[in-house]
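# Structural overview for review
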Amino acid sequence: MTRYLILRILAAVPVLLGITLVVFVILSLIPGDPAMAILGSYSTPENVAQLNQQLGLDRPLFQRYFIWLGNILQGDFGRSFALNRPVIDEIIERFHATLILSGTAFLICSLLGIMAGVISATRQYSWADKFITFSVLIGISVPSFFLGMMMILYFAVQLRWFPASGMYALYGGGGLSDLLSHLVMPALALAAVATGVIARLSRAAMLEVLRLDFIRTARAKGAPERRVILRHALRHAIVSILPVLGLQAGFVLSGAVYIEIVFQWPGVGRMLVDAILARDIILVQGGVLFVASCYVIFNIIVDAAQLWLDPRVKS
Amino acid sequence: MVRAILELTGVNKNFILKRTSIFEPHRILPAVKNVSLSIKPGERFGIIGESGCGKSTLARLMVGLYTPDGGLVRLEGSPLQDMPASDRNRAIQYVFQDPAGSLNPRKTIRQILATPLRALAGLNHQQAEIKLQEIMVAVNMPLSALDRYPHEFSGGQAQRIGIARALLAGSQILVLDEPVSALDVSVQAQLLELLVKLKEKFGLTYVFISHDLAVIEAFCEKVAVMYYGEIVEIGRADKLFQQALHPYTELLARTAPRQNADLYTEQQFELPDPLNPPIGCAFAARCPRAEKTCHQKKPKLSLQKASSYVACHFPLNQ
Amino acid sequence: MELVTRIIRNRLAAFGAVMLLLILIVSLLTPVFGLTDPNVIDTSNRFMLPFGEGHLLGADHLGRDILSRLLWGTRLSLMVGVAAAIIAATAGSLIGILAGYYGGRLDMILMRSIDVLMAFPYILLALAIVAVLGPSLMNALIAVAIVNIPFFARNVRGATLAIAQSDYIAAAKLSGRNTFSLLLFELMPNLISVIVVAFSTTVGWMILETAGLSFLGLGSQPPQSDLGSMLGEGRAALITHPHTSLIPGIMIFAIVMGINLLGDGIRDALDPRLAKGALRRALPITKIDRDLPLPRTEERGLLSVSGLKTDFQIAGKTTKAIRDVSFHIGRGECLALVGESGSGKSVTALSLTGLVASPPAVITGGKILFEGTDLLSLKFEQMREYRGKRIAYVFQDPNSSLHPLHNICDQLIESIKVHDGSMGRRALEAKAVQLLKDVRIASPERVMKSYPHELSGGMRQRIGIAIALANDPELIIADEPTTALDVTVQAQILHILKRLQRERGLALLFISHDMNVVAQISDRIAVMYAGQIVEAGSTKAVLEKPRHPYTKALLDCLPQLGKGQAMPRAINGSPPLLEDLPDGCAFAPRCSFVTPACQKRPIDVNLIGGRSLRCIRMELDDG
């Protein structure tokens, strides 16, 4: 088990390197002179050359990559010119907010999705199943940003149940209950699509498993139906649901960008969109790299869970 | 002495197992180990063994679906590896174990059967059509079957189509890989009858692979017994199971179910690990006659008496 | 064509298709509608509500006509989304085919690159691409296409790999196809459905994603505007003038919903399992709907079955899997049910405790008396008291009938625990070890901790038997317990079964297709054909002097070891289709003794000299 985990972590190293390479290459493809972009209207040939040298931009590409990579490994993601502060400080501050939002949404979609899938499969073609199937269909068809907007319109403006935007109230906020009341709508809007996908998949996985031979063995043993469904069928279905949970975590992180814009949540997604519009490339670079690396680590955790759940993986 | 139509000398095949990580060493599974065989024209040559003994791998080596890692496969004297694929396919063909799986589900039978006629025999549309009708008659299938899709046929019918496909390549040698194992007994007998008829009609040579002793005995003239990738005994089919020379052959013969004999079973044993094969005889661990030498030295396949070969330090006739 | 009818039959999919078609037609015809220019600004009409004068759907914050903008925007969104999907599908499929077919190093390089792309949450990659190329609709299209390539590449590679290893590709190679024609004519036709399914799942997504990028202001730039940017612009006035966001939002929803409905329909239509009802959930106990009156049954021995009928009801068609089956087993007796595939022997075995998957199975008649109780009159909870406790099963494939994720210990003690909750863990484990010893497992402690995949087929089947023995049942039903095993292992398993049966006085119902195996283990034989028992009697007598023509033919076509090179005698024709059984004897078309009377009416069972027979030849014969 430990050995496998170590191997799995080692196998992630090339992927992480690949990510840095992709991020670096993509962002060095930007047409035009970054120094010129940074200096804007203050640029003169002299200070452009000076800045280029400062930034190491006069060296060959591959050399720059290794210098950049070395800096990244030491936690130096460069400086954002638009915000005039170290990129890493900004990212960590923003990522905290994104993590709260996406983490909550991920928990909601995993639990709700699997539960809905199991109910739907075990009561196939019942009213509960039809209701779930219909909700799932709507959930996966509605754009999350539109859903978020509708929620603001109804729950914040009309019913005044929850605040319309932000993470904390501007005045007198800051406690956990304040955070939660701000979190409910964005987290639900963000979880909607993933919940649908997971519910659908869990339903299919359960139906498939319920047809397998070992289910018949469990029934032939005289096991009660509840046990057959939970201990035998769900236990097996989880193994095929888990990788999809890993995949959906990526979708939740992605969806967070829209939701953060709609609900003005101070997360990495909003930061990235602002940075792109401001052409703050260093910040974009750092943000993309940081979040992608976190996602790789998350996937290692998913794999570890898979290993723990499925003894067959080891051999 | 008649020259061999198909000859294998010291053929080896290893499979490299998939690794779970690039940091692991490659694990090698030797599937076929140092196999030598010689099959004469017109012969019905049987190969028998239990699952995982390498008999299917051996069959695929014979038709060039696999390339050997060592040794030579010769077709009428010339090495298979050096022949162009089309010559090889014209000379030797293969019939698959799973009759339905060997027919492309999206093609009609006509399209499937026309492929060898076009690609190997180089016939035009009209010539091909005549051949198609002839072969359907030969394998007892209605002409209407030509325009249907594989899923519309039963196992026995699909297997007839598989045989027809092999015959249309025009080859004289058919390697039949468990051709009747997936079929019900009543259909199995029909297919065996058909094979006998086709052999006479087209002058074919058969390599017949099976795990069923009774089928092999009824159908074949000569048999090779495989165990853990090696041939342990070769002999005449009608004698082999009655007067086995190798203890493994004897075990097979005694455990095979029959109506007029009581149940027989051997004592507890542990099967050898195919990834770490024993140095000596692979069967030694479960052999009642095994002695020290058996665990230390691998016995060679050697001539015992009138065209009977056995790989055993202490064959049963001694 | 069949596909189209199947989609139409699916009401939801048809609804989706119609909705999508309407949107498509409208967006195609947009230029000829003669709408107001979508970009004409008229500040006097700012935020005009729908149904206002000259503006059916109102006007936006610049007073532009929303209807016109909506239709033009839909056109643009559809075009961009579909274009992105086509690019992603083409590139991804190509990568997938190359990687899957050629394998080796090429596969490794391509798939590792795909892995790196997959390691990004998709929007990050899209944002990075847009950051480089600059915000524009074209660039959004490229970004969305690129981030969706991995999905196609992976799916197509998986499918290619499976197809490339299939026997029919090997057969095509042997038929002389070269690589190019192999890929084009053998592989592609089978891949199309995979690509279509992948396309139908992602095209909706890609429309959403491009709209999303526009929504963020990174896609279409003013004055050009798609649905996403309309929604983005409307957001500023969300609270005051919701109609400017509602209208484009609902349109995106309608498009994606339509695509998803149609896509689901396509997937269902392409999935052969659905047509066969294989994805219906099986009830815990077979549905029972018996014809009345129930047969009067005289009780003989432990288990007496009379007039048992089980049907399969699939898509409105009824297949009679077993028709009027009667037999009995005494304590300590071994009865073998022999027959070819489709003869109904397994359905019979599973019907006894209601284990036939239902739907599609329905037990439509008969009585099963076990110690005086009619098992078919029991409710599920009552039946549970019999299952595994008094009647236990050993199944055919030990590979699939053990739970792959539970260890042997848990699987063994579960069978005890579900019937007797009083035993502690220690006692349960001790009992489990004893069970393993009973089936002659040499190192039970080690095996207890193992998982099924770590054991050989023979070992697994011993565990299957140990599970059956757990509660000292009175009857064990072994459904082809050795079919998946090699001969030497088969002999061991048969030996264990026979010994246990003798030692414990078990009744054993042994299902097999192999007369030779049956000969060695059973006391009595019942031969099944097309859902009926055609002959039953003591094993010795039936083998020595078969009376039913089918029994005789079946024995004749089975090669016997020790007979030398003697070709077995084949039975002509093939077994009847259960959906289309004749009125008379089902074997008549293949029988060499057939008379016109055989095909007129159903044949009844006759009892003669300890033999039961379904053949009229008996009546004519000497008996």
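Residues numbered from 1 in each chain as written. Chains lettered and ligands numbered in written order. Predicted model: local features only at pLDDT ≥ 70, side-chain atom pairs only at ≥ 80, totals over all residues. Heavy atoms only, no water.

Attention shifts here to the overall build of chain C. Tallying secondary structure elements over chain C gives 23 helices and 13 strands in all. Computed over C-alpha atoms, the radius of gyration of chain C comes to 34 Å, more than 25% over the 25 Å expected from 2.2 N^0.38 for 623 residues, which places it beyond the range of a compact globule. Seen along its three principal axes, the alpha-carbon backbone of chain C occupies a region of about 105 × 60 × 60 Å. For chain C, the computed accessible surface area is about 25,200 Å², with 59% contributed by carbon and sulfur atoms. (Helix = DSSP H or I, 4+ residues; strand = E, 2+ residues; numbered from the N terminus. Rg over C-alpha atoms; globule rule 2.2 N^0.38 Å. Areas by Shrake-Rupley, 256 points an atom, 1.4 Å probe, with all protein chains shown as cover.)

Another point: helix α6 (residues 185-202) of chain B. All names here are of chain B. If you check α6, its first and last C-alpha atoms are 26 Å apart, about what 18 residues at 1.5 Å a residue would give, namely 26 Å. Of all 18 residues in α6, 13 are buried, a share of seventy percent or more. Looking at the residues trailing α6, positive phi occurs at G203, about 60°. (Expected span 1.5 Å × (residues − 1). Buried < 20%, exposed > 50% of the residue type's maximum accessible area, 1.4 Å probe, protein only.)

According to the domain assignment, chain C consists of domain 1 (2-31 + 52-270), domain 2 (282-390 + 473-559 + 570-623) and domain 3 (398-471). Domain 1 of chain C and domain 2 of chain C are separated by 54 Å when their C-alpha centres are compared. (Domains from an automatic or database assignment.)

This part is about the packing of aromatic side chains. Each aromatic ring pair is specified by the distance between its two centres and by the angle formed by the two planes. Taken as a whole, this structure holds 30 aromatic pairs over all chains when the rule is applied. Relative to F66 of chain A, the ring of Y65 of chain A has its centre 5.2 Å away and its plane inclined at 65°; by these criteria the two rings are edge-to-face. Taking 5.9 Å as the distance between ring centres and 85° as the angle between the ring planes, the aromatic pair formed by F151 of chain C and F152 of chain C counts as edge-to-face. Assessed through its relative accessible area of 0%, F152 of chain C is described here as buried. Across the ring face of W127 of chain A, the terminal group of K130 of chain A is positioned such that the distance to the ring centre comes to 5.2 Å. Directly above the aromatic system of F219 of chain B lies the positively charged group of R44 of chain B, at a separation of 5.3 Å from the ring centroid. (Phe/Tyr/Trp six-rings, centres within 6.5 Å; stacked < 30°, edge-to-face > 60°. Lys NZ or Arg CZ within 6 Å of the ring centre and 35° of its normal.)

This next bit is on the domain arrangement of chain A. Assigned domains within chain A: domain 1 (2-81) and domain 2 (91-279). Distance from the C-alpha centre of domain 1 of chain A to the C-alpha centre of domain 2 of chain A: 35 Å.

Attention now goes to the pairing of strand β7 (residues 173-177) of chain B. Residues and elements named next belong to chain B. In terms of residue burial, β7 counts as a mostly covered element, since five of its five residues are buried. Judged by which residues are buried, β7 turns out to be covered on both faces: I173, V175 and D177 on one side and L174 and L176 on the other are all buried. Pairing of strand β6 (residues 92-95) with β7, which is carried by four bridges, proceeds in the parallel orientation. Directly across from I92, in β7, lies its bridge partner I173. (Pairing = 2+ DSSP bridges.)

Summed over the entire model, instances satisfying the criterion amount to seven cavities of 30 Å³ or more. Here the largest cavity is characterised by a volume of approximately 170 Å³. Along the walls of the largest cavity sit 14 residues, with S144, V193 and G255 of chain A together with Y122 and W205 of chain C positioned nearest its centre. When contributions to the lining of the largest cavity are tallied by element, the ones reaching two or more residues are α7 (144-158), α8 (176-209) and α10 (225-262) of chain A together with α8 (179-215) of chain C. Looking at the lining of the largest cavity, its residues break down into 10 nonpolar, three polar and one charged. There is about 120 Å³ of room inside the second largest cavity. Lining the second largest cavity are 15 residues, and of these T217 of chain A together with Y393, G464, I467 and A468 of chain C sit closest to its centre. Going through the elements one at a time, α9 (213-220) of chain A together with β7 (391-394) and α18 (457-469) of chain C are the ones with two or more residues in the lining of the second largest cavity. (1 Å grid on protein atoms, 1.4 Å probe; cavity = no way out; pocket = protein on both sides within 12 Å on 5 of 7 lines; lining within 4 Å. Points joined across faces, edges and corners; volume = space filled by probe spheres on them. Nonpolar A, V, L, I, M, F, W, Y, C, P; charged D, E, K, R; others polar.)

Residues S358 of chain C and P359 of chain C are joined by a peptide bond in cis, for which omega reads 0°. As for its position among the elements, P359 of chain C is in the loop between α12 (345-351) and β5 (361-370). Omega for the bond connecting P359 of chain C with P360 of chain C falls within 30 degrees of zero, at 10°, which places this linkage in the cis form. Here P360 of chain C is to be found in the loop between α12 and β5. Unusually for a residue other than glycine, Y125 of chain A sits at a positive phi of about 65°. Following the sequence through the fold, Y125 of chain A ends up in the loop between α5 (87-122) and α6 (127-141). Positive phi outside glycine occurs at R440 of chain C, with the angle close to 60°. With respect to the helices and strands, the residue R440 of chain C is situated in the loop between α16 (425-438) and α17 (444-448). Accessibility expressed as a relative area gives 42% for R440 of chain C, which makes it partly exposed.

Another aspect to go through is the nonpolar core. One finds I19 of chain A together with F120 of chain C to be the most contacted residues of the largest nonpolar core, which totals 156 residues. Residues within four places of F120 of chain C in sequence aside, it is in contact with I19, V22, V23, V288, A292 and Y295 of chain A together with L125 of chain C. Grouped together as the second largest cluster of nonpolar side chains are 73 residues, A470, A478, L500 and V517 of chain C included. (Core = buried A, V, L, I, M, F, W, Y, C linked by side-chain atoms within 4.5 Å. Contact = heavy atoms within 4.5 Å.)

Residue and element names in this part refer to chain C. Contact geometry for helix α3 (residues 66-102) and helix α9 (residues 227-235): axes closest at 8 Å, N-to-C directions at 135°. One finds that α3 runs oblique with respect to α9. Touching I66, R69, L70, G73, T74 and S77 of α3 are L227, G228, M230 and E233, all from α9. (Axes fitted to C-alpha atoms, helices over the stretch in contact; angles between N-to-C directions. Parallel < 35°, antiparallel > 145°, perpendicular 65-115°, else oblique.)

This part covers the interface of chain C and chain A. Each partner contributes residues to the interface: chain C has 80 residues there, and chain A has 78 residues. Contact with chain A buries area across many residues of chain C, yet V132, R281 and L405 of chain C alone supply 11% of it, more than any other trio. Counting across the chain C and chain A interface gives four salt bridges. For D264 of chain C, the salt bridge identified is with R200 of chain A, shortest N-O distance 2.6 Å. Summed over the shared surface of chain C and chain A, the number is 21 residue pairs in polar contact (both at pLDDT 80 or more). Per-element accounting of the side of chain C that touches chain A gives the leading share, 12 residues, to helix α10 (residues 243-270) of chain C. Across the side of chain C that touches chain A, the residue classes tally to 53 nonpolar, 16 polar and 11 charged. (Buried area = accessible area lost by both parts, 1.4 Å probe. Salt bridge = Lys/Arg side-chain N within 4 Å of Asp/Glu carboxyl O. Polar contact = N/O pair within 3.5 Å; in protein donor to acceptor, adjacent residues only side chain to side chain.)

Attention now moves to the sheet that holds strand β8 (residues 475-479) of chain C. Residue and element names in this part refer to chain C. The eight strands are arranged β7-β8-β9-β4-β10-β11-β13-β12 in an open sheet whose pairing can be described as mixed. Each edge of the open sheet carries a strand with a single partner, namely β7 and β12 (606-608). Averaged over all pairs of adjacent strands, the angle between their axes in this sheet comes to 20°, without regard to strand direction. By the bridge criterion, three bridges tie β12 to strand β13 (residues 611-613) in an arrangement that is antiparallel. Counterpart to L607 in the pairing with β13 is S612. Where α18 meets the sheet, its contacts fall on β7 and β8, and the angle it forms with β7 comes to roughly 175°.

Another point: the environment of I88 of chain A. Residue and element names in this part refer to chain A. In this structure, I88 sits in helix α5. Separated by 12 residues in sequence, I88 and D76 place their C-alpha atoms 6.9 Å apart. Not counting the four nearest positions on each side in its chain, I88 is found in contact with G75, F77 and F290.

What follows concerns the sheet that holds strand β5 (residues 78-79) of chain B. Neighbouring strands of a sheet are bound in pairs by backbone hydrogen bonds; such pairs are parallel or else antiparallel. Residues and elements named next belong to chain B. One open sheet accounts for four strands, arranged β2-β1-β4-β5; its pairing is antiparallel. Both edges of this open sheet fall to β2 (28-39) and β5, since each of them pairs with a single strand only. Contacts from helix α1 (residues 55-62) reach β1 (6-16), β2 and β4 (70-75), with the element oriented near 60° to β2.

A full pass over the atoms with the stated rule returns zero disulfides over all chains. In this structure C294 of chain B is a free cysteine whose sulfur lies 6.1 Å from that of C281 of chain B, the closest cysteine sulfur available. (Disulfide = S-S within 2.5 Å.)

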